Amino acid sequence: MPGKFPEWLRRPWASGETVGLTKDIVEGLRLHTVCQSARCPNIGECWAKGTATVMVLGDTCTRNCAFCSVPSGKPTFDDAEEPQRVAEAVRSMGLKHAVITTVARDDLPDGGAGHIAGTIRAVHALNPGTTVEILVSDFQNEPGALRCVLDAEPEIFCHNIETVQRLYPAIRDRRFSYGGALDLLRMARDYSPRAIIKSALMLGLGETAQEVETTLEHLSAASCEVICIGQYLQPSQRQTEVREFVTPRQFEDYESLAYELGFAFAVAGPFVRSSYRSEEVLETDFARRRLGAAEAGPERAQLPAEKIQR
Ligand code: SF4
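What you are looking at is a predicted structure, and each value in this text was computed from that prediction instead of being measured.

Turning next to unusual backbone geometry. If a residue is not glycine, its phi is most likely negative; likewise, a peptide bond is most likely trans. Backbone geometry at R30 places phi at a positive 50°, although glycine is not the residue there. With respect to the helices and strands, R30 occurs in the loop between α1 (17–28) and β1 (32–33). The exposure class of R30 is exposed, given its relative accessible area of 55%. Of note, the phi angle at R39 is positive, near 50°, even though the residue is not glycine. As for its placement among the helices and strands, R39 is situated in the loop between α2 (34–37) and α3 (43–48).

Here you go:
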């Protein structure tokens, strides 16, 4: 750990009535949240605002990334009613923008794509006017699984690149690849002209400023339009250590750099996470143009049939 916890990472723990309400809704509908599983530092603030990021397909992941506190193992979760419960939770929370994430389910033939698509459709059906952001694993870059999710028309499609290429072997489960992550984002762009393509990067794992810049260039070249850049914080002693506390000034510089590199929306800061205040992009002209204009429905590009080489 790089010395004392810096003052910019100290902040009051939000509490109060709404936190309790959000908790009741989540627990009442037997839902998992990444807020809890990943021990997110923003849970107090988000739940106090009445928002939460639901994690579908259970709370056991088939992968084991070194930075992640989501339990890894052999999932047993199998509940076809979950999509409808997620839709009800969104309605109960009155969310205008629902962020849904998922564990990796390499044990399922479609990687869980059908269940995820069903969740997106259920939320849209029960909550007209609510936009859906889906944060997914990589489905082993299977085009069919990706098509299945995108055909459910999430407004925002997100796959987190998480870290720079050099650190992938140490930080990401071996089934992930840096190139595969870029290919997945590019495939999503090619297949769904309407969806906003998003990714997120954690800093403080030992990356250099040049590596961050190169990763942003690669993401931009892969048609990623929205980028979130935040400070990695060690959830527990079992996860990899923090190597550096990146200063708020450095984050500001990365945010400006992202705009210089052509991202339509970029947010960088110590507490930034991909689902943190994610509704803010929807207030931009870029998103209004994209989500509004596309109602006309331009033709969809055909995805290559063969499996993407990692
Ligand atoms: S894929 Fe990695 S980051 Fe995602 S839930 Fe599983 S272990 Fe965590």
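Residues in contact with the ligand, as listed here, are C61, R63, C65, F67, C68, V70, R172 and F176. Considering only residue class, the shell around the ligand consists of 6 nonpolar, no polar and 2 charged.

By the element assignment, S37 lies in helix α2. For S37, a relative accessible area of 16% puts it in the buried group. Residues in contact with S37, not counting those within four places in the same chain, are M55, D59, S69 and V70.

Turning our eyes to something else, we now look at the side chain of R273. Topologically, R273 is positioned in the loop between β8 (265–268) and α11 (285–293). There is a polar contact of 3.3 Å between the side chain of R273 and the backbone oxygen of P270.

With respect to the element layout, D107 can be found in the loop between β3 (97–102) and α5 (113–126). Judged by its relative accessible area of 37%, D107 falls in the partly exposed class. Distance from D107 to K74, taken between C-alpha atoms, is 8.1 Å for residues 33 residues apart in sequence. Not counting chain neighbours up to four residues away, the residues in contact with D107 comprise T62 and P75.

Reading the values: the criteria
Residues numbered from 1 in each chain as written. Predicted model: local features only at pLDDT ≥ 70, side-chain atom pairs only at ≥ 80, totals over all residues. Heavy atoms only, no water. Helix = DSSP H or I, 4+ residues; strand = E, 2+ residues; numbered from the N terminus. Buried < 20%, exposed > 50% of the residue type's maximum accessible area, 1.4 Å probe, protein only. Near = heavy atom within 4 Å. Nonpolar A, V, L, I, M, F, W, Y, C, P; charged D, E, K, R; others polar. Contact = heavy atoms within 4.5 Å. Polar contact = N/O pair within 3.5 Å; in protein donor to acceptor, adjacent residues only side chain to side chain.

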